[in-house]
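Read off the chains here:
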Amino acid sequence: MDPDALAKAFVEHYYSTFDTNRAGLANLYQESSMLTFEGQKIQGSQNIVNKLTSLPFQQCKHTITTVDCQPSGPAGGMLVLVSGNLQLSGEQHALKFSQMFHLMPTPQGSFYVYNHIFRLNYA
Amino acid sequence: MEEQVEMVGRAFVEHYYHLFDTDRSSLASLYHQSSMLTFEGQKLQGVDICAKINQLPFDKCHHFISTIDTQPSSFAGGITVFVSGSLRLMCEEHPLRFSQMFHLIPTPQGSFYVQNDIFRLNYG
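Described in the following lines is the structure provided in the data block. For clarity, every value in this text was computed on a predicted model and none was experimentally measured.

**With respect to the pattern of salt bridges**
For the structure on display, the rule yields eight salt bridges over all chains. Across the pair Arg120 of chain B and Asp68 of chain A runs a salt bridge, and its minimum N-O distance is 2.6 Å. Of this pair, Arg120 of chain B sits in strand 6 (residues 112-122) while Asp68 of chain A sits in strand 3 (residues 60-71), on two different chains. In this structure, Arg120 of chain B and Glu40 of chain B form a salt bridge, with 4.0 Å as the shortest nitrogen-oxygen distance. Residue Arg120 of chain B is located in strand 6, and its partner Glu40 of chain B is located in the loop between strand 1 (31-39) and strand 2 (42-45); the two are separated by 80 residues in the primary sequence. Connected through salt bridges with shared partners, the residues Glu38 and Arg119 of chain A together with Asp69 of chain B form a single ionic network.

What follows is the structure, given as structure tokens:
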């Protein structure tokens, strides 16, 4: 599969899981994974998933506007920059966001999130 | 260690945009042959990166940085940096908002170069 198609597939899987079963994101992170969420730094799959499942909304929907990816080096990693909108149920206006993932390959042939940085884009 | 990564990431980013805003052609020293830039979806590598940056259709600009987030990357000594901010072009009334991601790799001389660079404007 070509890298762009891989990145797109991963991103679609990530947001679909986020929007329908947030706790299911746990297997996309490992102990070494890092998330910086609006400036707050969190490490490890458990802590990251705790943060994401405790965000103050029940339902949300991500709509992706752009996905860009590049290989990060000889270890097979991929850097992905995503921008899009996040609609929280009950809120009138969608929030705009940008997000960076650094994906690393697993021995089983898939990817996990090693670096993850999330920022809302304020007008 | 974490603070060092943050300091280095911030210092690099401030240096990068200062060069961009005052002497764009000197950015060449921050990229290597292997470097990659994706600029608004257009993919460039190596020397083509500096050609692209030098040919952007404006003379002067100023980057205002809103946020800088850094994390150590899986590459030994590497740093991922995520920046958001606005870009003012001279003669344009409204600044453009942007997000940009850098993957910095250490050089033997003790500084860093940009191995990966992805730039996107954030439209309202």
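Continuing now.
**What to know about the environment of Leu120 of chain A**
All names here are of chain A. Secondary-structure assignment places Leu120 in strand 6 (residues 111-120). For Leu120, a relative accessible area of 18% corresponds to the buried category. A sequence separation of 34 residues divides Leu120 from Leu86, and the C-alpha atoms of the two residues are 9.2 Å apart.

**Considering the nonpolar core**
Of all hydrophobic cores here, the largest spans 32 residues; its most connected members are Tyr16, Tyr31 and Phe102 of chain B. The set of elements that each furnish at least two residues to this core consists of helix 1 (2-22), strand 1, helix 2 (47-54), strand 3 (61-72), strand 4 (79-89), strand 5 (96-106) and strand 6 of chain B. The element best represented in this core is helix 1 of chain B, accounting for seven residues. What Tyr16 of chain B contacts, discounting residues up to four positions off in sequence, is Leu27, Leu30, Tyr31, Ile53, Gln100, Phe102 and Asp117 of chain B. Residues Tyr14, Phe18, Leu35 and Leu86 of chain A belong to the second largest nonpolar core, which totals 30 residues.

About the criteria used
- Per-chain numbering applies: the sequence of each chain, read as written, is numbered from 1 onward.
- To read the labels, note that chains go from A and ligands from 1, taken in the order they are written.
- Given that this is a predicted model, residues contribute local features only at a pLDDT of at least 70 and side-chain atom pairs are listed and counted only at 80 or more, while totals for whole chains, interfaces and linings are drawn from all residues.
- Hydrogens and waters are ignored; side-chain quantities use all the structure's heavy atoms.
- Note on definitions: salt bridges are taken to be side-chain nitrogens of Lys or Arg within 4 Å of carboxyl oxygens of Asp or Glu.
- Only DSSP runs of H or I with at least four residues qualify as helices, and only runs of E with at least two residues qualify as strands; both kinds are numbered from the N terminus onward.
- For the exposure calls, accessible area comes from a 1.4 Å probe over protein chains only, and a residue counts as buried if that area is under 20% of its type's maximum, exposed if over 50%, partly exposed in between.
- Only buried residues count toward a nonpolar core. Its members are Ala, Val, Leu, Ile, Met, Phe, Trp, Tyr and Cys residues joined through side-chain atoms within 4.5 Å.
- The contact criterion used is simple: two residues touch if any of their non-hydrogen atoms lie within 4.5 Å.

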